[in-house]
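Results of the structural survey
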Amino acid sequence: MFELFILTFMVLLIEIFLLNHYQQRICYEFADKYKHEKFRRILHDFKNSSIKKLKIAIVIQEIYATIFTAAIISIFAALLFSDVLLVCSFSFAFAGLIFVVSAIKFSVLKEPLVWSDLYLLKEIFLCPRFYFGYVKLWQWLLIAVLIISVIALFSLDLSPYLYSSFDRIIAFVLFSAALVITFYLFNVFFKEEGKIPYLYFDACIDGALFSPLCSFFKGVLDFYRSDKKIKSEFLKAHDKSCSCLSQRIDENNVAKEHIVLVQDESFISLKRLELDNYEKVGVENLASQALLDIDYFGAYTMRSEFAVLTGINLQSLRAYSYDPYILAKQCKIASLATILKAHGFYCICVHPNFKRFFRRDLVMPNLGFDEFIGREDIGQWKRSGELIADDELFAYISDLLHKYAGKKVFVFAITMQGHGPYVDTKHVIKTAEKPANNSSLNVYKEKNILCAKALSSFVKTLNAKESLLVYGDHIPPLKVLFDGTISEKQLCPDIVGFNTCKFIKDKLTPKDLFMHVLKEGGLYA
């Protein structure tokens, strides 16, 4: 049994080391090209630090991460199988499957697997088209081969160690002990070196600097270390700050009666990027325009959503920054809704998807919303393909505003129509501007045009006491955006507004947009 484990362990070390460094190189190249300014600033900090000590620390941390992964997989395999060949085959297939999934994720979202992705597993099965639609045929075949290999190995030879109840208990104890001991060693060794943090909480940059595998386990460790501090200290300070903001009434700024903030799925101006010129129906023609200073590519709606609603810099949440709704579903957090509600606004969130997706059914009440309206509450919405159409959503919001005429209302809406994957299907969107072919870019153009028309119609229903702000939650996962012709500074979602205060600058952080909404509510921000 011992020899079996050692053999598997040594071979796995080599496989994991090679796959991990391959992904690290991809992360480095992407970060250097599309996050150049931020990445070079971090590299400059590295050069000004004790570089020799830092390099040694990073190398040792990576060794620990590699050993940890290889040990867990090989122990698990050795407990399941008694044949050397089967132990090795299972270990290779299982490790390969993990890195293949991480590589597929990077090809679409431009970041490797992070620890919080474990929480998203259930979302994959709740809305599979949001995830599986991006996987190409050859990638499906590779995943299928690896999964079939793992399953087939179970049917060939299950170790007798797992047949009796007593042996199952022994196996579980050994497996758990290995996890606990290795985790303890991680916790002892993984410490910050001087002024250089052990994570920057940018998955792509962390993957480039520390390797994806090492960053993954560092994220788990940071969650373990900082969970109580974030909840007890940081959130209390944030709540106090928001309480102060709610007292800053601007006597010269008359509050709007109705404020509508829309998070438009994957919205970026193709006209600004010179990829389209639909002047008659462009969203940009509504009124004021700016950019949202975030660098999420293709997904992670909850990040920008949380950052705009709370004004919190996500990196300050440390391990929670990858998925802040893991935190928000556990405790109450002051937000735009909390502050505006204190000034008489009735706060409503509208999202034409399942309320339990991302656990918004728990998050939105914790963020202070009086009402959360989801797909289950509306009945039969009109669909655009498989997604709820934007014109249907804006028509519903218009009805809400009429319903609450004369009362102060804040509506936060999250659209769905712009979601990918942007592929040709039987339900491809049909408009008068139907493109000559149905490439990903052209399908996205159609969605963009439909959104622009829906917003243009909605704007016509608004009066002087109502304001509208629309921002994109992230950049759409389109290959054309990463072909080298578009600069790093241009790769930001857009913000447009109607009947709002003037934007303070051309590129707003989520905190700036948070403050801008408060201005619409008559507060001095």
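Residues numbered from 1 in each chain as written. Predicted model: local features only at pLDDT ≥ 70, side-chain atom pairs only at ≥ 80, totals over all residues. Heavy atoms only, no water.

**Topic: the overall build of the protein chain**
Quick reminder of the rule: Only runs of H or I of at least four residues qualify as helices and only runs of E of at least two qualify as strands under DSSP, and these elements are numbered from the N terminus. Partly exposed residues are those whose accessible area sits between 20% and 50% of the maximum for their type, while under 20% is buried and over 50% is exposed, using a 1.4 Å probe and protein chains only.
In terms of helices and strands, the protein chain carries 18 helices and ten strands. For the protein chain, the residues scored as buried account for 54% of the 525 residues in total.

**Brief notes about the packing of aromatic side chains**
Between two aromatic rings, the relevant description is the distance of the centres plus the angle of the planes. Under the convention used in this document: Only Phe, Tyr and Trp rings are paired, with Trp represented by its six-membered ring, and only when their centres lie within 6.5 Å; those with planes under 30 degrees apart are stacked, over 60 edge-to-face, the remainder tilted.
Summed over all chains, the structure comprises 20 aromatic pairs. Relative to Tyr320, the ring of Phe223 has its centre 5.4 Å away and its plane inclined at 85 degrees; by these criteria the two rings are edge-to-face. Taken as a pair, Phe223 in helix α10 (residues 212–245) and Tyr320 in the loop between α11 (301–310) and α12 (325–328) lie far apart in primary sequence, 97 residues in all. Overall, Tyr320 belongs to the buried group, its relative accessible area being 1%. Between Phe306 and Tyr325, the aromatic rings sit 6.3 Å apart at their centres with planes inclined by 75 degrees, giving edge-to-face as the arrangement. With a gap of 19 residues between them, Phe306 in helix α11 and Tyr325 in helix α12 connect regions that are remote in the sequence. Looking at Phe306, the relative accessible area reads 0%, which means it is buried.

**Observations regarding the confidence of the model for the protein chain**
In plain terms, the rule: The predictor attaches a confidence to each residue, called pLDDT, with possible values from 0 through 100. The contact criterion used is simple: two residues touch if any of their non-hydrogen atoms lie within 4.5 Å.
Taken over all residues, the pLDDT of the protein chain has a mean of 79, while the share at 70 or more is 75%. Per-residue pLDDT stays below 50 along residues 158–163; that stretch engages in 17 contacts with residues further than four places along the chain or on separate chains. Note on residues 425–436: pLDDT under 50 across the span, and 18 contacts to partners over four residues away in sequence or across chains.

**Describing helix α18 (residues 510–520)**
Burial analysis of α18 places nine of its eleven residues in the buried class, the great majority of the element. For α18, every residue scored as buried is listed here: Pro510, Asp512, Leu513, Phe514, Met515, His516, Val517, Leu518 and Glu520. Remark: Gly522 follows α18 within two positions and exhibits a positive phi of approximately 85 degrees.

**Overview of the environment of Ser440**
So the rule is basically this: Here a polar contact means two N or O atoms within 3.5 Å. Within protein one must be a hydrogen donor candidate and the other an acceptor candidate, and residues neighboring in sequence count only if both atoms are side-chain atoms.
Locating Ser440 in the fold gives a position in helix α17 (residues 440–459). By relative accessible area, which is 36% here, Ser440 ends up partly exposed. It is 4.7 Å that separates the C-alpha atoms of Ser440 and Tyr422, two residues lying 18 residues apart in sequence. In this structure the side chain of Ser440 is engaged in a polar contact, spanning 3.0 Å, whose partner is the backbone oxygen of Tyr422.

**Here we look at the layout of surface pockets**
Applicable threshold: Cavities and pockets were defined on a 1 Å grid built from protein atoms only: a cavity is a group of points that admits a 1.4 Å probe but offers it no way out, a pocket is an open group of points flanked by protein on both sides within 12 Å along at least five of seven lines, and a lining residue is one with an atom within 4 Å of any such point. Grid points are joined across faces, edges and corners, and a volume is the space filled by probe spheres set on the points. Gly is placed with the polar residues, together with every amino acid not listed as nonpolar (Ala, Val, Leu, Ile, Met, Phe, Trp, Tyr, Cys and Pro) or charged (Asp, Glu, Lys and Arg).
A volume near 870 Å³ is recorded for the second largest pocket. Together, 38 residues line the second largest pocket, and Lys38, Asp293, Ile294, Asp295 and Gln315 are the ones closest to its centre. For the lining of the second largest pocket, the secondary structure elements donating two or more residues are α2 (36–47), α9 (203–210), α11 and α18. Each residue belonging to the lining of the second largest pocket can be placed in one class, and the counts come to 19 nonpolar, five polar and 14 charged.

**A short note on the state of the cysteines**
Spelled out, the test is: Note that a disulfide, as used here, is simply two cysteine sulfur atoms within 2.5 Å.
Applying the stated criterion across every chain, the model contains zero disulfides. This cysteine, Cys204, is not joined by any disulfide, and Cys27 carries the nearest cysteine sulfur, 4.9 Å off. Residue classification places Cys204 among the buried positions, given a relative accessible area of 1%.

**Some remarks on the pattern of salt bridges**
Rules: By salt bridge we mean one thing: a side-chain nitrogen of Lys or Arg within 4 Å of a carboxyl oxygen of Asp or Glu.
What the rule picks out here adds up to 16 salt bridges. Here Lys231 and Asp227 are joined by a salt bridge, their closest N and O atoms 3.4 Å apart. Within this pair, Lys231 and its partner Asp227 are both found in helix α10, separated by four residues, close to a single helical turn. Among the charged side chains, a salt-bridge network with shared partners connects Lys105, Glu111, Asp117 and Arg303.

**Overview of the packing of α11 against α18**
Applicable threshold: For helices, the axis comes from a line fit to the C-alpha atoms of the stretch in contact; other axes are also lines fit to C-alpha atoms, and the angle between any two N-to-C directions lies between 0 and 180 degrees. Here is the rule for angles: anything less than 35 degrees is roughly parallel, anything more than 145 is roughly antiparallel, 65 through 115 is roughly perpendicular, and the remaining ranges are oblique. Two helices that cross are described as forming a left-handed crossing if the nearer one is turned anticlockwise from the farther one by less than a right angle, and a right-handed crossing if clockwise.
Two elements in contact, α11 and α18, have axes separated by 7 Å at closest approach and are oriented at 45 degrees. Classified by the angle their axes make, α11 and α18 are oblique. For the crossing formed where α11 meets α18, the hand is right-handed. Mapping the contact onto sequence places Ala307, Val308, Leu309 and Thr310 in α11 and Pro510, Leu513 and Phe514 in α18. The class makeup of the residues in the contact of α11 with α18 is six nonpolar, one polar and no charged.

**Quick notes on unusual backbone geometry**
Residue Arg318 is not a glycine yet carries a positive backbone phi of 55 degrees. On the accessibility criterion, Arg318 (25% relative accessible area) is partly exposed.

**What about α10?**
Applied cut-off: Every helix has an expected span of 1.5 Å times one less than the residues it contains. Two axes enter the definition of the bend at a residue: one is fitted to the seven residues ending there, the other to the seven starting there, and the bend is the angle between them.
Taking 1.5 Å per residue, 34 residues should reach 50 Å; α10 reaches only 39 Å between its end C-alpha atoms and comes up short. Of all the bends found along α10, the most pronounced is centred on Ser226 and spans about 50 degrees.

**Overview of a nonpolar patch on the surface**
Counted only if it meets this: Patch definition: residues above 30% relative accessible area lacking any salt bridge, with like charges linked at up to 9 Å and the nonpolar side chains Val, Leu, Ile, Met, Phe, Trp and Tyr linked at up to 5 Å. Values of accessible area rely on a 1.4 Å probe in the Shrake-Rupley scheme; residue burial ignores everything except the protein chains shown.
A contiguous nonpolar patch, built from Ile14, Phe17 and Leu18 and spanning about 320 Å² of accessible area, is present on the exposed surface. Inspection of the secondary structure puts Phe17 in helix α1 (residues 2–34). When its relative accessible area of 42% is taken as the criterion, Phe17 is described as partly exposed.

**A short note on the pairing of strand β9 (residues 494–498)**
A regular strand places its side chains so that they alternate between the two faces of the sheet. Our working rule: Should DSSP find at least two bridges between two strands, the strands are taken to pair.
Where burial is concerned, most of β9 is hidden: four out of the five residues are buried. Bridge count between strand β8 (residues 466–472) and β9: four bridges; the pairing is antiparallel. By the bridge assignment, Leu468 is partnered in β9 with Phe498.

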